[in-house]
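Examination of the molecular architecture
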Amino acid sequence: MNKEVLQELCRVFGPTGRESRVAEIVKTHLEGTNLEVTADVLGNVIARKGDGPYPVFCTHLDQPGWVVEHRDKKGFLHLKSVPADEKLGEGWAVDEGGNRYRVFKESDGKSWRAESLVEGEGEMGTFLVPKAEFEASKGAYFATALADRVGAALLLDIAGKANKGNQAVSLVCYTGRHLKFTGLTAALEDLDIERLYLIEALPCDEGNEGYSLGEGPVILLRTQHSVAPSLWVDEVAKIASDIGIKLQKGLVSDGESAADTLARTGIQAITLGMGVRYSGSRIERVEGSDCEALSKLLQGLAKGKVRS
Amino acid sequence: MELLKQLCDAPGVSGHEDAVREILIKAVGSYAESVHVDSLGNLFMTKGKGKKGPHLMFTAHTDEVGLMVERIDDEGFIKFMTLGGIDPRVLPAKRVRIGKDAICGVIGIKPFHLSDKEERKEVTPLSDLRVDIGASSRSETERFVDVGDPIWFDTLFEQQGDILKAKAFDDRAGCYMMAELIKHEFRFPATFVWSVQEEMGLRGGRIAAARVRPDIMIVLEGTGACDLPTDADVARRPFLGKGPVITILDRTVVANQRLVELLCQTAERDGIPWQFKRPLVGGTDAGAAVRVKALGAAVVAIPARYIHTPVALAHLKDIINTIELVKAAAERLREVKL
């Protein structure tokens, strides 16, 4: 996986509902490939090569943030979280124009507030995200929005490799993951899908999730409302084994996932990813080795070696 | 205002929107090129077939929050469940109507002198509330009421100057505004959808969007005005009488940025007062539609105080301004690159 591309993606402003800059980066990198690229009105980016049915690799573009709801008499901005949780924490935030804000929690511990460093900035409807940071050290990446952007970096890896082969493949980057997966189903509606792989960074904070950081890619056997079909799991395990990749298995029973949302519309998907530490916080961590292994696995799946 | 009065007074809890639909067909069906009702009860009217796109879909929901008969006990009291978001605090001592014969009932509560201090401090839970129609036995109640019958608030429309008082401004105000909009000749093909079961999880809107597959969707709503008494240091927006309320985002969707800009700029250009929706909560049919098809969605609402209760207040000028704003903005859609 290209570190510079990952860094570019992690640094760009792209909260839920304002993902256009992230989409532009993805589209720019896809221009150099032989994939046909389209974008829809929701901001979803869809790339495809050849005729369907496609193996489809799907990830999201948006990151958590805040929206300014109101400025009070003292000049403090009242923020609505979309859906920044406790772990995102206090600190610097920026708007689309790069203006800086000091974000903090009100004394009730629930309400987000901010103070603008630029007089008059932060009108109602201004979107904010944590100020971006990116570090690479000892084979690991530490960055803001890392869990949200590593998927796109992996998809761009697949796009680069897809240039060489003649297999059909489709890559989808959708919007609105953090607002109940707003763009997901619409992004997939015109695709003839053979297999749908959802690429996610999977929280790996406690060490008891059944998978670990640095131990290789993860396949989710179940999510809250869906179960990965054993046929598909076996296919992925076989190709991982063929190319010498250790595959970890995970189960997630709480929280709505993309696979759950799709299952309700009758679309079966399988979730692949890698562990992410400090997930949902300002600076998350993933292991470079996990990214590399997952990238290889996705390329193997794109080639369709084991599909019948 | 006669049509708005008819719409607000009509019963139409989720799943039982027939009366509202009939009023609309009778009132404005003649303006449409086609009229269709789907099996769920969504009402579709089309105009401008053959015109060049984009295909525009206007939506308002016909249902209102209400109650449903769950069972009848041995003494003839009616246990009920809620349909849509209703705060149990607003239910005791309210008049209601039940079923196809609109039987009158009261949601009873123990009188002051029969309740002790502790009881009076607490909200009576929904499970303890009953509708009383004055019957003395199950069999007597069953002569008039059946399990599954809809129950709606017995509130009639009133007007005092510009202030309107009624139940169900959410979303009969939207229904009314669409009925006015269909009289207008738009430059684009347009489908007007009066949807059902919005209060039960945006059900009708999703089905309607899958059928129409529009490029742009404008949802017309009645949203909560927040200019209520409080000591908090928070501007209590949106205000009653201060113009159409434009949504940036809610719990289901981020409105299309270009459409939001178009609405705001059009309002400024035409001198129409407007305000942003706040707090950024709730959900509308737009949230369901974008999950069916990639489309540009916007939500414009009138502010109404005390929505989802037996009676709400709205302002006549907000309704007029919302109609004018949507009409003017729709005319400028070609200027927008979504």
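Residues numbered from 1 in each chain as written. Chains lettered and ligands numbered in written order. Predicted model: local features only at pLDDT ≥ 70, side-chain atom pairs only at ≥ 80, totals over all residues. Heavy atoms only, no water.

So, the overall build of chain A
Assigned secondary structure in chain A consists of seven helices and 17 strands. By its C-alpha atoms, chain A is 65 × 40 × 40 Å across when sized along the principal axes. Buried positions account for 58% of the 308 residues belonging to chain A. In chain A, the share of contacts with a sequence separation of at least 24, taken over all contacts with a separation of at least 6, comes to 73%. Total accessible area on chain A is roughly 12400 Å²; 47% of this is exposed by carbon and sulfur atoms. If you average the places of the 37 positive and of the 45 negative side-chain charges in chain A, the two averages end up 3 Å apart. (Helix = DSSP H or I, 4+ residues; strand = E, 2+ residues; numbered from the N terminus. Buried < 20%, exposed > 50% of the residue type's maximum accessible area, 1.4 Å probe, protein only. Contact = heavy atoms within 4.5 Å. Areas by Shrake-Rupley, 256 points an atom, 1.4 Å probe, with all protein chains shown as cover. Lys, Arg positive; Asp, Glu negative; His and termini not counted. Charge placed at Lys NZ, Arg CZ, Asp CG, Glu CD.)

Quick notes on the pattern of salt bridges
Between side chains of opposite charge, a pair can form when the charged atoms approach closely. If you walk through the whole model with that rule in mind, you get 36 salt bridges over all chains. The partner of Arg195(A) in a salt bridge is Glu235(A), and the shortest N-O contact between them spans 2.8 Å. Of this pair, Arg195(A) sits in strand β13 (residues 193-203) while Glu235(A) sits in helix α5 (residues 230-242); the two residues are 40 residues apart in sequence, bridging distant segments of the chain. With relative accessibility at 9%, the residue Glu235(A) sits in the buried group. Salt bridges here are not isolated pairs; linked through shared partners, they connect Lys47(B), Lys51(B) and Glu185(B). (Salt bridge = Lys/Arg side-chain N within 4 Å of Asp/Glu carboxyl O.)

A word on the environment of Ser289(A)
All names here are of chain A. Mapped onto the secondary structure, Ser-289 falls in helix α7 (residues 288-303). Taking the C-alpha atoms as reference points, Ser-289 and Met-1, separated by 288 residues in sequence, lie 9.7 Å from one another. If near-sequence neighbours (up to four positions away) are discounted, Ser-289 is found in contact with Gly-139 and Gly-214.

Some words on the interface of chain B and chain A
At the junction of the two partners, chain B supplies 29 residues and chain A supplies 26 residues. Approximately 2200 Å² of surface area, both sides summed, lies buried where chain B meets chain A, with 59% of it carried by carbon and sulfur atoms. For Arg213(B), the salt bridge goes to Glu189(A), with nearest N and O atoms at 2.7 Å. Inspection of the region where chain B meets chain A yields six residue pairs in polar contact (both at pLDDT 80 or more). Its residues assigned to classes, the side of chain B that touches chain A shows 16 nonpolar, four polar and nine charged. (Buried area = accessible area lost by both parts, 1.4 Å probe. Polar contact = N/O pair within 3.5 Å; in protein donor to acceptor, adjacent residues only side chain to side chain. Nonpolar A, V, L, I, M, F, W, Y, C, P; charged D, E, K, R; others polar.)

Looking at the packing of helix α5 (residues 169-181) of chain B against helix α9 (residues 316-331) of chain B
Residues and elements named next belong to chain B. Two elements in contact, α5 and α9, have axes separated by 10 Å at closest approach and are oriented at 50 degrees. Compared by their axis directions, α5 and α9 come out oblique. Seen along the crossing, α5 lies across α9 with a hand that is right-handed. Of the residues in α9, those touching α5 at Tyr-176, Met-177, Glu-180 and Leu-181 are Ile-319, Thr-322, Ile-323, Val-326 and Lys-327. Partitioned by chemical class, the residues of the contact of α5 with α9 number six nonpolar, one polar and two charged. (Axes fitted to C-alpha atoms, helices over the stretch in contact; angles between N-to-C directions. Parallel < 35°, antiparallel > 145°, perpendicular 65-115°, else oblique. Left-handed = near helix turned anticlockwise from the far one by under 90°.)

Some points on the packing of aromatic side chains
Residue and element names in this part refer to chain B. Tallying each qualifying case throughout the model produces eight aromatic pairs over all chains. With a centroid separation of 5.1 Å and 20 degrees between ring planes, the pair formed by Phe-58 and Phe-192 is classed as stacked. Residue Phe-58 is located in strand β3 (residues 56-61), and its partner Phe-192 is located in strand β12 (residues 190-195); the two are separated by 134 residues in the primary sequence. The class of Phe-58 is buried, set by a relative accessible area of 0%. (Phe/Tyr/Trp six-rings, centres within 6.5 Å; stacked < 30°, edge-to-face > 60°.)

Brief notes about the domain arrangement of chain B
Residues and elements named next belong to chain B. Domain annotation for chain B reports domain 1 (2-64 + 167-335) and domain 2 (66-152). Between the C-alpha centres of domain 1 and domain 2 the distance comes to 31 Å. At the junction of the two partners, domain 1 supplies 11 residues and domain 2 supplies 13 residues. In this assembly, domain 1 packs against domain 2 so that about 890 Å² is buried in total across both faces, 73% of it on carbon and sulfur atoms. Contact with domain 2 buries surface across domain 1, with Val-13, His-16 and His-308 losing the most and accounting together for 43% of the total. (Domains from an automatic or database assignment.)

Here's the deal with the sheet that holds strand β6 (residues 91-94) of chain A
Residues and elements named next belong to chain A. Spatially, six strands are ordered β4-β5-β8-β7-β6-β9 in a closed barrel, and the strand pairing comes out antiparallel. The mean inter-strand angle of the sheet, taken between neighbouring strand axes irrespective of direction, is 40 degrees. Pairing between strand β7 (residues 100-105) and strand β8 (residues 112-116): five bridges, direction antiparallel. The partner of Phe-104 across the bridge, within β8, is Arg-113. (Pairing = 2+ DSSP bridges.)

Concerning the nonpolar core
Counting residues in hydrophobic clusters, the biggest one holds 72 residues, and the most contacted among them are Phe58(B), Phe169(B), Phe192(B) and Trp194(B). Excluding residues within four positions of it along the chain, Phe169(B) makes contact with Leu4(B), Cys8(B), Phe157(B), Leu164(B), Gly174(B), Gly222(B), Ala304(B), Ala312(B), Leu313(B) and Ala314(B). Counting residues in hydrophobic clusters, the runner-up holds 57 residues, among them Phe134(A), Val169(A), Ile199(A) and Ala302(A). (Core = buried A, V, L, I, M, F, W, Y, C linked by side-chain atoms within 4.5 Å.)

Considering helix α7 (residues 257-270) of chain B
All names here are of chain B. Spanning 14 residues, α7 covers 20 Å between terminal C-alpha atoms, matching the ideal 20 Å at 1.5 Å per step. The complete set of buried residues in α7 reads Leu-259, Val-260, Leu-262, Leu-263, Cys-264, Thr-266 and Ala-267. Where the residues of α7 are buried, they touch β13 (216-224), β14 (245-246), β15 (275-276), β16 (296-305) and α9. Two or three places before Arg-258, at the opening of α7, Asn-256 has a side-chain oxygen 2.9 Å from that residue's backbone nitrogen. Note on α7: the residue one or two positions beyond its end, Gly-271, has a positive phi of about 70 degrees. (Expected span 1.5 Å × (residues − 1).)

Brief notes about the packing of helix α1 (residues 2-9) of chain B against α5(B)
The angle between the axes and the distance between the axes are what describe a pair of packed helices. Residue and element names in this part refer to chain B. Between α1 and α5, the least distance of the axes is 9 Å, while the angle of their chain directions is 145 degrees. Classified by chirality, the crossing of α5 by α1 is right-handed. Contact residues: α1 offers Leu-3, Leu-4, Leu-7 and Cys-8, while α5 offers Phe-169, Arg-172, Ala-173, Cys-175, Tyr-176 and Ala-179.

Quick look at the domain arrangement of chain A
Residue and element names in this part refer to chain A. Each assigned domain of chain A is listed here: domain 1 (3-63 + 135-303) and domain 2 (65-131). Each of domain 1 and domain 2 has a C-alpha centre, and these two points are 29 Å apart. At the interface, 13 residues of domain 1 touch 19 residues of domain 2. The contact between domain 1 and domain 2 buries some 1400 Å² in all, and 54% of this surface belongs to carbon and sulfur atoms. Considering only the side of domain 1, the residues that lose the most area to domain 2 are Phe-13, Arg-18 and Arg-282, jointly responsible for 45% of the buried surface there. Linking domain 1 to domain 2 there are one salt bridge. Counting the contacts that link domain 1 with domain 2 gives seven residue pairs in polar contact (both at pLDDT 80 or more). Considered class by class, the residues forming the side of domain 1 that touches domain 2 number two nonpolar, seven polar and four charged.

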